[in-house]
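Each chain, letter by letter, is given below.
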Amino acid sequence: MTDPRLNTNAPHSARLWNYWLGGTDNFPVDREAGDVIAGILPSIVTLAQEDRKFLRRSVRHLVGEGGIRQILDIGAGLPTADNTHQVAQAVAPDTRVVYVDNDPLVLVHALTLLAGTSEGKTEYVEADLNDPAAILRAATGTLDFSRPVAITLLGILHFLRDDEAALAAVRTLVDAVPSGSYLVVAHGCDDINTDEAKRIVDFWNERGTPKIKYRSAEQIGRFFDGLRLLEPGVVPCNRWRPDAETGDVDVNQFCGVAVKD
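Residues numbered from 1 in each chain as written. Predicted model: local features only at pLDDT ≥ 70, side-chain atom pairs only at ≥ 80, totals over all residues. Heavy atoms only, no water.

What follows concerns the overall build of the protein. Helix and strand counts for the protein come out as nine helices and eight strands. Rg of the C-alpha trace for the protein: 17 Å, near the compact-globule value of 18 Å for 261 residues, within the 12% margin. Along the three orthogonal principal directions, the C-alpha set of the protein runs to about 45 × 45 × 40 Å. Classification of the 261 residues of the protein by burial places 54% in the buried group. (Helix = DSSP H or I, 4+ residues; strand = E, 2+ residues; numbered from the N terminus. Rg over C-alpha atoms; globule rule 2.2 N^0.38 Å. Buried < 20%, exposed > 50% of the residue type's maximum accessible area, 1.4 Å probe, protein only.)

This is the structure:
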């Protein structure tokens, strides 16, 4: 029986992102919306690609230099290339990763594609960032919250449109992890290409699910309050410790990595 939440008549963020990254787990309505949005803001495909590159660089840093062996990836999205567990376990095979998402299509693919190494562990939790306590309860079956955990929130917080609720969700998660843990955020931002960004948000909120809210770099920085923000701070995804693969064009997805001392 088809999950009634799997609405193929309206574009969905996870499937749209999959389309822009060159994936095939999307429907005609997603591809149509993706092409329209790319027409409004041509850099949106580059944004998706730079967000994925930031995931690779930040996870490698967390595991390689930060010594992290546990990752809570909230808002996992549809599996594509270089998923969090693949990047992390390529550096340290014993890394444990828990993916969290509330999209039924993500669940279907996660169960078949998100297999990790034998030394580590990869699990999937169907849950919603609006209820961070439920996420933490479910993740305790795989993660040891007495040891450092990296919490990654890539492209998910802009779906919590109430500012205080979004801040509270992050605080609940950060309060649950010990010193030495990390918070990684990537969030749609309207400080660059402001007019185009507004048109994107308006278009999406009229047609797509779930609804979104872009924030300024200053607002995004508030998610790291009480934590030590690593250099270079809150910047476009392509400006966070770039490597040879990173593009030069600033994108509307801002990011940051911080540690809990």
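Structure's up, so let's keep going.
What follows covers the packing of aromatic side chains. Here the structure, examined in full by the defined rule, presents one aromatic pair. Ring geometry for Phe54 against Trp240: centres 5.6 Å apart, planes inclined by 80 degrees, an arrangement best described as edge-to-face. Of this pair, Phe54 sits in helix α3 (residues 44-64) while Trp240 sits in the loop between β7 (235-236) and β8 (253-259), and the two are 186 residues apart along the sequence. (Phe/Tyr/Trp six-rings, centres within 6.5 Å; stacked < 30°, edge-to-face > 60°.)

Attention now moves to the nonpolar core. With 80 residues, the main nonpolar core has Phe54, Leu72, Ile74, Leu129, Leu153 and Leu183 as its most contacted residues. The greatest single-element share of this core, amounting to eight residues, is contributed by α3. Residues contacting Leu183, with those up to four places away along its chain left out, are Ile151, Leu153, Val170, Val174, Phe223, Phe224, Leu227, Gly256, Val257 and Ala258. (Core = buried A, V, L, I, M, F, W, Y, C linked by side-chain atoms within 4.5 Å. Contact = heavy atoms within 4.5 Å.)

Looking now at the pattern of salt bridges. One side chain can pair with another of opposite charge once the charged atoms of both are near each other. In the structure shown here, the tally under the stated rule is 10 salt bridges. A salt bridge links Glu50 to Lys53, with the shortest nitrogen-to-oxygen separation between them at 3.4 Å. Taken together, the positions of Glu50 and Lys53, both in helix α3 and three residues apart, correspond to about one turn of that helix. Assigned by exposure class, Glu50 and Lys53 land together as buried. In this structure, Lys213 engages Asp163 in a salt bridge whose closest nitrogen and oxygen atoms are separated by 2.9 Å. Taken together, the positions of Lys213 in the loop between α8 (194-207) and α9 (217-221) and Asp163 in helix α7 (residues 163-175) put the pair 50 residues apart, joining distant regions of the chain. Three or more residues joined by partner-sharing salt bridges are found here, namely Asp163, Lys213 and Arg215. (Salt bridge = Lys/Arg side-chain N within 4 Å of Asp/Glu carboxyl O.)

What follows is about the side chain of Gln70. Locating Gln70 in the fold gives a position in strand β1 (residues 70-74). Separated by 2.6 Å, the side chain of Gln70 and the backbone nitrogen of Asp144 make a polar contact. Setting aside chain neighbours within four positions, we find Gln70 in contact with Thr95, Arg96, Thr142, Leu143, Asp144, Arg147, Pro148, Val149 and Ala150. (Polar contact = N/O pair within 3.5 Å; in protein donor to acceptor, adjacent residues only side chain to side chain.)

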